[in-house]
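# Coordinate inspection notes
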Amino acid sequence: MELSKKFKDQNHFKKILNQGYSLLPFNFHKLPSTLYLISNIVGEYLIIDRDTLNRLVNGDLSFEDAVYNELKSKHFIMDQDSDVAIDLLALKYRTKQYAASQFTSLHIFVVTLRCDYTCRYCQVSRRMEGDGDYDMEETSALKALEMVFQSPSKSIKIEFQGGEPLLNFPLIKFIVQNALEKNAVEDRNIQFVITSNLTFLTDEVLNFCNTHNIYLSTSLDGPEFLHNQNRPRPQKDGYEKTVAGIRKVQSRLGYDKVSALMTTTAASLPNVRAIIDEYVSLGLHSVFLRPLSPYGFAIKTKQVEKYNTEKWMSFYREGLDYIIELNRAGYFLVEQYTKVLLQKILTSSNPGYLDLQSPAGAGIGVIVYNYDGDVYASDEGRMLKEMGDDFFKLGNLETSSYEDIFLSDRLLDTLEESLAESSPMCSECGLQSYCGSDPVYHYATQGDVVGKKPLSFFCAKNIALIEHVFSLLENGEKREILERWLA
């Protein structure tokens, strides 16, 4: 029998739709307004009123309701006319979680603990500039490189940290040269980053970075008075050295080869515009308004106790409003944490930001090779060890194989417990798709990798941040500016 090419009439589809719909998995969250955000496991969302939410969950919506087709297209409901919805949702979820399948791409080499600064919020136990007992040795570096290239990831980033890594620049050169030799066979997409205060940025360092396409990352806490207060150097010239270093890199290597980030102390709170102006004056096009982390000297000096979520959010909102104002005036400037949230809210990709992943990025997103050969699941885990707690130590380069480290109960248990989809409160949170789980933070602050979310600054901060981003997206002009950050 010849198949008809004629479209079915309208009554056919009405008959199907009148048979009702099924709910697909989603959570909801009441916004500071009277509206509700509903979101599913892939981050698709709608903002609806309470009446619509009630009618949705009670099965009382009709296909004639204006919101019906939008709910169906975004996989909140499924009817007999959309039986592929679950397969499409699964495909989108696999796309979102693709980074986890690539396994560890960021490998941090702590080449020394020596440092010339005495930062009040330093997250590690720094050592004096001349104390060579805290340098990584070449034998450990080679063993770490063997482990780097056992990772299945096609993209590898090697980041040099300290202390001040340029105090052990010969080892950085050794690692880069050996990594490139290995990569001639491995053929990975490899990138190098040096995280430095730029005090020891010489022509030799610049030439080496230029030859091997190495990026530099530094800390800039704001204008001179604030930077030197937060990050004191005995010679009282930290700001001068940092700014001079940034300008050297920009001049010799290009503006895209250096980035900076700041850390918020209590002294920073009334100065967010001055901090941002400092970044603009240096021709930088990104800033990360970053709170303190509860590790190292930030704990010993009680810096983390000097502001709460409310004060932090006031600082952040003022800063983000000012950044949007600068963009409106023609200067392109991105706030990096907001950009990560926008990627999770507005795109199908996962930005891979380690603190906003489920399962957590510890081990499977980043691994840390300490100067003494110990291996940690994250940089924060290494910081905890410097405070006397080796909970997140996974092994040692001398005695542990790749399998010992990445199949260890400590890592696998942590990853299992960091699944937001099954964590208390997170599992039912309407913001789950945009947030993450930070087991090291919760262990450090509460002694438990899951943590009690009502007592968590991490949780309170992210709820407030995400709510604020959604409020900005409701403003057409601001949304247009924010969407440019993703172009």
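Analysis parameters
Residues numbered from 1 in each chain as written. Predicted model: local features only at pLDDT ≥ 70, side-chain atom pairs only at ≥ 80, totals over all residues. Heavy atoms only, no water. Pairing = 2+ DSSP bridges. Helix = DSSP H or I, 4+ residues; strand = E, 2+ residues; numbered from the N terminus. Contact = heavy atoms within 4.5 Å. Axes fitted to C-alpha atoms, helices over the stretch in contact; angles between N-to-C directions. Patch = residues over 30% accessible without salt bridge, like charges linked within 9 Å, V, L, I, M, F, W, Y side chains within 5 Å. Areas by Shrake-Rupley, 256 points an atom, 1.4 Å probe, with all protein chains shown as cover. Salt bridge = Lys/Arg side-chain N within 4 Å of Asp/Glu carboxyl O. Buried < 20%, exposed > 50% of the residue type's maximum accessible area, 1.4 Å probe, protein only. 1 Å grid on protein atoms, 1.4 Å probe; cavity = no way out; pocket = protein on both sides within 12 Å on 5 of 7 lines; lining within 4 Å. Points joined across faces, edges and corners; volume = space filled by probe spheres on them. Nonpolar A, V, L, I, M, F, W, Y, C, P; charged D, E, K, R; others polar. Parallel < 35°, antiparallel > 145°, perpendicular 65-115°, else oblique. Left-handed = near helix turned anticlockwise from the far one by under 90°. Lys, Arg positive; Asp, Glu negative; His and termini not counted. Core = buried A, V, L, I, M, F, W, Y, C linked by side-chain atoms within 4.5 Å. Phe/Tyr/Trp six-rings, centres within 6.5 Å; stacked < 30°, edge-to-face > 60°. Lys NZ or Arg CZ within 6 Å of the ring centre and 35° of its normal.

## With respect to the pairing of strand S4 (residues 45-48)
With four bridges connecting them, strand S3 (residues 36-39) and S4 associate as antiparallel partners. For Leu 37, the partnering residue across the bridge sits in S4 and is Ile 47. Hairpin remark: S3 followed by S4, antiparallel, with five residues in the connecting loop; positive phi at Gly 43, about 90 degrees.

## So, the sheet that holds strand S7 (residues 155-161)
Within the open sheet, the nine strands sit side by side as S12-S10-S9-S8-S7-S6-S14-S15-S16. Their pairing is mixed. Both outer strands of the open sheet, strand S12 (289-290) and strand S16 (393-396), are each paired with one neighbouring strand and no more. Taken together, the four bridges between strand S9 (residues 215-219) and strand S10 (residues 258-263) define a ladder with parallel strand orientation. By the bridge assignment for S10, Thr 218 is matched with Ala 260. Sitting on the sheet, helix H6 (residues 138-148) is in contact with strand S6 (106-110), S7 and strand S14 (366-369), with an inclination near 175 degrees to S6.

## Focus on a nonpolar patch on the surface
A contiguous nonpolar surface patch, about 250 Å² in accessible area, is contributed by Val 84, Leu 88 and Leu 91. Residue classification places Leu 91 among the partly exposed residues on the basis of a relative accessible area of 45%.

## Considerations on empty space enclosed by the protein
In the structure shown here, the tally under the stated rule is one cavity of 30 Å³ or more. Estimates place the volume of the largest cavity at around 210 Å³. Together, 17 residues line the largest cavity, and Ile 41, Gln 97, Lys 344, Glu 421 and Ser 433 are the ones closest to its centre. Here the residues of the lining of the largest cavity sort into six nonpolar, eight polar and three charged.

## Details of the pattern of salt bridges
What the rule picks out here adds up to 19 salt bridges. A salt bridge links Arg 188 to Glu 186; the shortest N-O distance between them is 3.4 Å. Assessed through its relative accessible area of 15%, Arg 188 is described here as buried. Exposure remark for Glu 186: the relative accessible area of 35% places this residue in the partly exposed category. Note that Asp 237 is salt-bridged to Arg 233, the shortest N-O span being 2.7 Å.

## Describing the sheet that holds strand S2 (residues 27-30)
Spatially, S2-S3-S4 is the arrangement adopted by the three strands of the open sheet, whose pairing is antiparallel. Looking along the sheet, the strands with just one partner apiece sit at the ends: S2 and S4. On average, each strand axis in the sheet is tilted by 20 degrees relative to the strand beside it, whichever way the strands run. Those strands touched by helix H2 (residues 50-57) are S2, S3 and S4, and its axis lies near 35 degrees from that of S3.

## Looking at the environment of Asn 475
Relative to the elements of secondary structure, Asn 475 occurs in the loop between helix H19 (457-473) and helix H20 (476-484). Through-space distance from the C-alpha of Asn 475 to that of Arg 233 is 44 Å; in sequence the pair is 242 residues apart.

## Structural notes on the packing of helix H14 (residues 336-346) against H19
To characterise two packed helices, one gives the angle between the axes of the helices and the distance between these axes. Contact pair H14 / H19: the axes reach a minimum separation of 11 Å and the direction vectors enclose 70 degrees. With respect to H19, the axis of H14 lies roughly perpendicular. As H14 runs across H19, the sense of the crossing is right-handed. Every residue of H19 that contacts H14 at Tyr 337, Thr 338, Leu 341, Leu 342, Ile 345 and Leu 346 is listed here: Lys 461, Asn 462, Leu 465, Ile 466, Val 469, Phe 470 and Leu 473.

## Side note on the side chain of Glu 164
Mapping Glu 164 onto the fold places it in the loop between S7 and helix H7 (169-186). The side chain of Glu 164 sits in the buried core without any salt bridge; Arg 231 is the nearest counter-charge, 6.7 Å away.

## What about the nonpolar core?
Membership of the largest hydrophobic core comes to 113 residues, with the highest contact counts inside it found for Phe 109, Ile 158, Phe 160, Ile 175 and Tyr 369. Setting aside residues no more than four positions away along its own chain, Phe 109 makes contact with Met 136, Ala 141, Ala 144, Leu 145, Val 148, Ile 158, Glu 159, Phe 160, Gln 161, Ile 175 and Tyr 369. Among the nonpolar cores identified, the runner-up in size contains 14 residues, and Phe 26, Ile 48, Val 67 and Ile 77 belong to it.

## Side note on the packing of aromatic side chains
Taken as a whole and assessed by the stated rule, the structure comprises 20 aromatic pairs. Ring centres 5.6 Å apart and planes at 35 degrees place the aromatic pair Trp 312 and Phe 315 in the tilted group. Here Phe 315 and Trp 312 lie together in helix H13 (residues 309-328), a separation of three residues that amounts to about one turn. By relative accessible area, Phe 315 is classed as buried at 1%. Members of the aromatic cluster, joined through ring pairs, are Tyr 45, Tyr 434 and Phe 470. Lying across the ring of Tyr 45, Lys 74 places its NZ or CZ 5.5 Å from the centre. Against the face of Tyr 117 rests Arg 231, its NZ or CZ located 5.1 Å from the ring centre.

## Brief notes about the packing of helix H15 (residues 379-386) against helix H18 (residues 439-446)
With their axes 9 Å apart at the nearest point, H15 and H18 run at an angle of 25 degrees to one another. Taken together, H15 and H18 sit at an angle that is classed as roughly parallel. Here H15 runs over H18; the crossing is left-handed. Contact residues: Glu 380, Gly 381 and Leu 384 in H15; Val 440, Tyr 443 and Ala 444 in H18.

## Points about unusual backbone geometry
Apart from glycine, the bulk of residues carry a negative phi angle, and the bulk of peptide bonds sit in the trans form. In this structure, Gly 163 follows Gly 162 across a cis peptide bond, with omega equal to 10 degrees. Of note, the bond from Ser 358 into Pro 359 is cis; its omega dihedral lies within 30 degrees of zero at 0 degrees. Along the chain, Pro 359 turns up in the loop between H14 and S14. Phi angles above zero are rare outside glycine, and Phe 103 is one such case at about 65 degrees. With respect to the helices and strands, the residue Phe 103 is situated in the loop between helix H5 (98-102) and S6.

Structural measurements only, silent on function.
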